[in-house]
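Residues per chain, in single letters:
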Amino acid sequence: MFSIIIDMKKIGLLGCGAIGTQIALAIDSGKIPAILTHVYDFDRSKSEALVSRLKKRPQIAENPHMLSSNPVDIVVEAASQDAVRNHALSILQNRRDLLIMSVGALLDESVLEILLDACREFKRTIYLPSGALAGLDAIRSVKEELESVLLVTTKNPKSLKGARFFEVSKIDTDSITTKTVLFEGSAKDAVNLFPANINVAALLSLAGLGSHNTKVRIVADPQTDKNTHQVIAQGKFGSISITVENVPDSTNPKTSRLATLSAVECLRAACSTDMRIGS
Ligand SMILES: NC(=O)C1=CN([C@@H]2O[C@H](COP(=O)(O)OP(=O)(O)OC[C@H]3O[C@@H](n4cnc5c(N)ncnc54)[C@H](OP(=O)(O)O)[C@@H]3O)[C@@H](O)[C@H]2O)C=CC1
Ligand SMILES: O=C([O-])CC(=O)C(=O)O
């Protein structure tokens, strides 16, 4: 038993919101075989609220750098694209692995290149969970034969509220009364305009045709209570059509329950020595 605890990976958590909370609870319950040693959030009261729910209490780091300057094995980012831009490199330089949820930040080619170079130099791994999407394994497998990839995302306007898109377009989410196509374009532009809503487009781009050739349509539907993502891909291999109808997280409607469950499963696998399923 003692040696199992010694061997367990130590986790630092950046972001104590919807996803961070569920990851912390999954570690605390033993579902993820790891030890949560440090947490950090902009808002200390969110860190405190999370820590108070845990049986095994981690330390609240004074600043984000303290997460990776402590001897953790994996830092879990469940915060924002800015958090990735500002902290990912130093986490890797401190020789910690990194699980990233705010994948949209990686569509900036210079950010991606620097982080991949750091992975090679410091022999570290960046984990990108499948998030709110299904089928990334298949897209990765057929990458060389892909000819087109389209992501159609449909959410209730409430789940899109606050996106940069609404500052640019002047459309008000409250005025959307019928199903409306808000955006059609590249994954690159989608991630810029909807940074907290469409990280899945970044995942799909990185797995397949890249952010300029992956097409995205974002639909606001006031009648839906789901976050629906449909992937339609074609190529020499045949075609793929996958739809996930996600229940939104109870604390953050922008985020799907599947995104949280996928983060938990990805971290569980990273902390385990067992069978790996899927390509
Ligand atoms: N890959 C995928 O498929 C998915 C990715 N996501 C992304 O995952 C991330 C987490 O999602 P979720 O948990 O739902 O978000 P929440 O908003 O519920 O929680 C994020 C928390 O992190 C805090 N935070 C933001 N930036 C920083 C920072 N630089 N340093 C410290 N704390 C910070 C936020 O504070 P404050 O509220 O003050 O900003 C908030 O408390 C988001 O970027 C989201 O867009 C979400 C769903 C799917
Ligand atoms: O959770 C979702 O449905 C998708 C999401 O927010 C994202 O990709 O950023």
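Residues numbered from 1 in each chain as written. Chains lettered and ligands numbered in written order. Predicted model: local features only at pLDDT ≥ 70, side-chain atom pairs only at ≥ 80, totals over all residues. Heavy atoms only, no water.

### A look at the nonpolar core
Grouped together as the largest cluster of nonpolar side chains are 56 residues, with contacts concentrated most on Leu151, Phe194, Ile198 and Val216. The leading source of residues in this core is helix α11 (residues 199–207), at six residues. The residues that make up this core include at least three from each of domain 1 (2–131 + 259–270) and domain 2 (136–254). Aside from chain neighbours lying at most four places away, what touches Val216 is Leu150, Leu151, Phe183, Glu184, Gly185, Ser186, Ala187, Ala190, Ile198 and Ala201. Counting 27 residues, the second largest nonpolar core, distinct from the first, contains Cys16, Ile27, Met101 and Leu267. (Core = buried A, V, L, I, M, F, W, Y, C linked by side-chain atoms within 4.5 Å. Buried < 20%, exposed > 50% of the residue type's maximum accessible area, 1.4 Å probe, protein only. Helix = DSSP H or I, 4+ residues; strand = E, 2+ residues; numbered from the N terminus. Domains from an automatic or database assignment. Contact = heavy atoms within 4.5 Å.)

### Some remarks on the pattern of salt bridges
Scanning the entire structure with this criterion turns up 11 salt bridges. The closest approach of N and O atoms between Glu265 and Arg268, which form a salt bridge, is 2.9 Å. In this pair, Glu265 and Arg268 both sit in helix α12 (residues 257–270), three residues apart, roughly one turn of the helix. Among the ionic contacts, a cluster of salt bridges with common partners joins Arg44, Glu48 and Glu62. (Salt bridge = Lys/Arg side-chain N within 4 Å of Asp/Glu carboxyl O.)

### With respect to the state of the cysteines
A complete count under the given rule lists zero disulfides for this structure. Cysteine Cys119 shares no disulfide, and the gap to the nearest cysteine sulfur, in Cys266, comes to 13 Å. Classification of Cys119 by relative accessible area gives buried; the value is 11%. (Disulfide = S-S within 2.5 Å.)

### A short note on the site of ligand 1
Taken together, 25 residues surround ligand 1, and among them Ile19, Asp41, Ser80, Ser102 and Thr255 come closest. Taking Ser102, its side chain carries an N or O atom lying 2.6 Å from an oxygen atom of ligand 1. Against a free-state accessible area of 920 Å², the protein chains account for coverage of 83% of ligand 1. Elements with a minimum of two residues in the shell around ligand 1: α2 (18–28) and α11. The biggest single contributor to the shell around ligand 1 is α11, with three residues. For the shell around ligand 1, the per-class residue count stands at 15 nonpolar, eight polar and two charged. The residues that make up the shell around ligand 1 include at least three from each of domain 1 (2–131 + 259–270) and domain 2 (136–254). (Near = heavy atom within 4 Å. Polar contact = N/O pair within 3.5 Å; in protein donor to acceptor, adjacent residues only side chain to side chain. Areas by Shrake-Rupley, 256 points an atom, 1.4 Å probe, with all protein chains shown as cover. Nonpolar A, V, L, I, M, F, W, Y, C, P; charged D, E, K, R; others polar.)

### Considerations on the site of ligand 2
For ligand 2, the full set of nearby residues is Ala132, Lys155, Ala196, Asn197, Ile198, Asn199, Val200, Asn227, His229, Lys254, Thr255 and Ser256. In this structure, an oxygen atom belonging to ligand 2 sits 2.9 Å away from a main-chain N or O atom of Lys254. Interatomic distance of 2.5 Å between a side-chain N/O atom of Ser256 and an oxygen atom of ligand 2. In isolation ligand 2 has 270 Å² of accessible area, and contact with the protein removes 94% of it. Of all the secondary structure elements, the ones that give two or more residues to the shell around ligand 2 are α11 and β10 (227–235). Tallied by class, residues from the shell around ligand 2 come to four nonpolar, six polar and two charged.

### Brief notes about the UniProt feature "domain: Aspartate dehydrogenase" (unreviewed entry) in the protein
Sites flagged by UniProt as "domain: Aspartate dehydrogenase" (unreviewed entry) map to residues 177–264. The straight-line gap between the two end C-alpha atoms of residues 177–264 is 35 Å; of that span, 27% is helix and 36% is strand. (UniProt positions renumbered as here; feature names shortened; annotations may be inferred.)

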